[in-house]
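Here are the chains, one letter per residue:
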Amino acid sequence: MDQMAWLKECASLGLDGAELLFCHFPSTDASYLTALRKACSDLFLTVSMVSAGGHLTVGDDAQRQKEIEDIAKWVDVAAFLGAPCVRFFCGSGAELSAGGDALYRKVVPAVRQVAELGATKGIVMAMENHGGTTADQLLSLIGDVNHPFLKFTLDTGNYPPTSQVGPDTYKSIERCAPHAAIVHAKFFNVSKNGKDRDFDWAKIHFILAKAGFRGFLSVEYEGEDADEVGNMRRIAGYLKRLR
């Protein structure tokens, strides 16, 4: 389905909002963005976030700057659509570790530059724990950048070991939750009642509530069942019961 059809599906599922991913936009022309914003309004869907990509841990300085410039395009789109935040990726946790202090000292100002892009538009830049990045790495970056417009997109299924519950999964969620602008609620193996077989969402919900998080849970279903809409319907119903 295209982006407009997907928005209609979100509305039919009774969702409160929609996160708009960069790879789903057929165009960023003003005419399309105007139609997109009108469609969200007509469907009573809040634009929870516009999601860019990004790979700031690359070794090539020129490529890193190109990545920042690409993120900047989506800040402009978010401002037009009235989205409060933009997701971006820091890059690879393995690259960040392998690059040592030399690379880290380049990534910090790059992340700060991204945060400044958001600040010019009043938009929070929400760095996602993507690419195997750890809670230690991300908290170090957010502490060293120390910018009011830098927060997290907290993906519950992306902490190592990715896509499964590891010994530090819930601890990592708890440590990062106070800095979350939005949460990617990752589901893999969905039961009939909408719960995930492995991820304890009652526990995750308690952690988020304890941290004072009141933002969107942006659902990502990454299971193998081909009935994606059916799974989403069950997940949405379950998460609403947690509220």
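Criteria and thresholds
- Residues numbered from 1 in each chain as written.
- Predicted model: local features only at pLDDT ≥ 70, side-chain atom pairs only at ≥ 80, totals over all residues.
- Heavy atoms only, no water.
- Core = buried A, V, L, I, M, F, W, Y, C linked by side-chain atoms within 4.5 Å.
- Buried < 20%, exposed > 50% of the residue type's maximum accessible area, 1.4 Å probe, protein only.
- Helix = DSSP H or I, 4+ residues; strand = E, 2+ residues; numbered from the N terminus.
- Contact = heavy atoms within 4.5 Å.
- Phe/Tyr/Trp six-rings, centres within 6.5 Å; stacked < 30°, edge-to-face > 60°.
- Axes fitted to C-alpha atoms, helices over the stretch in contact; angles between N-to-C directions.
- Parallel < 35°, antiparallel > 145°, perpendicular 65-115°, else oblique.
- Left-handed = near helix turned anticlockwise from the far one by under 90°.
- Nonpolar A, V, L, I, M, F, W, Y, C, P; charged D, E, K, R; others polar.
- Pairing = 2+ DSSP bridges.

Caption draft 1: Expanded view of the nonpolar core. One finds Phe25, Phe88, Met127 and Trp201 to be the most contacted residues of the largest nonpolar core, which totals 71 residues. With nine residues, the top contributor of residues to this core is helix H4 (residues 93-119). Apart from residues no more than four positions distant in its own chain, Phe25 is found in contact with Gln3, Leu20, Tyr32, Leu33, Leu36, Trp74, Val77 and Leu81. In terms of nonpolar packing, the next biggest core, distinct from the first, is built from five residues, Met49, Val124, Ala126 and Ile182 among them.

Caption draft 2: Highlighting unusual backbone geometry. A cis amide bond links Pro160 with the next residue in sequence, Pro161, at an omega value of 0 degrees. Note on placement: Pro161 falls in the loop between strand E5 (150-155) and helix H6 (169-176). A positive phi is found at Phe44, a non-glycine position, where the angle reads about 60 degrees. Along the chain, Phe44 turns up in the loop between helix H2 (30-42) and strand E2 (46-51). Of note, the phi angle at Asn146 is positive, near 50 degrees, even though the residue is not glycine. Relative accessible area serves as the criterion here: at 62%, Asn146 is assigned to the exposed category.

Caption draft 3: Expanded view of the packing of aromatic side chains. If you walk through the whole model with that rule in mind, you get four aromatic pairs. Taken together, the ring pairs in this structure connect Phe22, Phe25 and Trp74 into an aromatic cluster.

Caption draft 4: Summary view of the environment of Pro160. Here Pro160 shows up in the loop between E5 and H6. Residue Pro160 is classed as partly exposed on the basis of its relative accessible area, which comes to 34%. With 25 residues separating them in the primary sequence, Pro160 and Ala135 have C-alpha atoms 9.2 Å apart. Setting aside chain neighbours within four positions, we find Pro160 in contact with Gly132, Thr133 and Thr134.

Caption draft 5: Structural view of the packing of H6 against helix H7 (residues 201-210). It is the contact of H6 with H7, at a shortest axis distance of 9 Å, that shows an interaxial angle of 20 degrees. In terms of orientation, H6 lies roughly parallel with respect to H7. For the crossing formed where H6 meets H7, the hand is right-handed. Taken together, the residues of H7 that come into contact with H6 (itself represented by Tyr170, Ile173 and Glu174) are Lys203, Ile204, Ile207 and Lys210. For the contact of H6 with H7, the per-class residue count stands at four nonpolar, no polar and three charged.

Caption draft 6: Local environment of the sheet that holds strand E4 (residues 124-128). Spatial ordering of the open sheet is given by E1-E2-E3-E4-E5-E6-E7, a layout of seven strands whose pairing is parallel. Strand pairing shows two members of the sheet lacking a second neighbour, strand E1 (17-21) and strand E7 (217-221), which therefore form its edges. Between one strand and the next, the sheet's axes are offset by a mean angle of 25 degrees, whatever the strand orientation. Where H4 meets the sheet, its contacts fall on strand E3 (85-89), E4 and E5, and the angle it forms with E4 comes to roughly 145 degrees.

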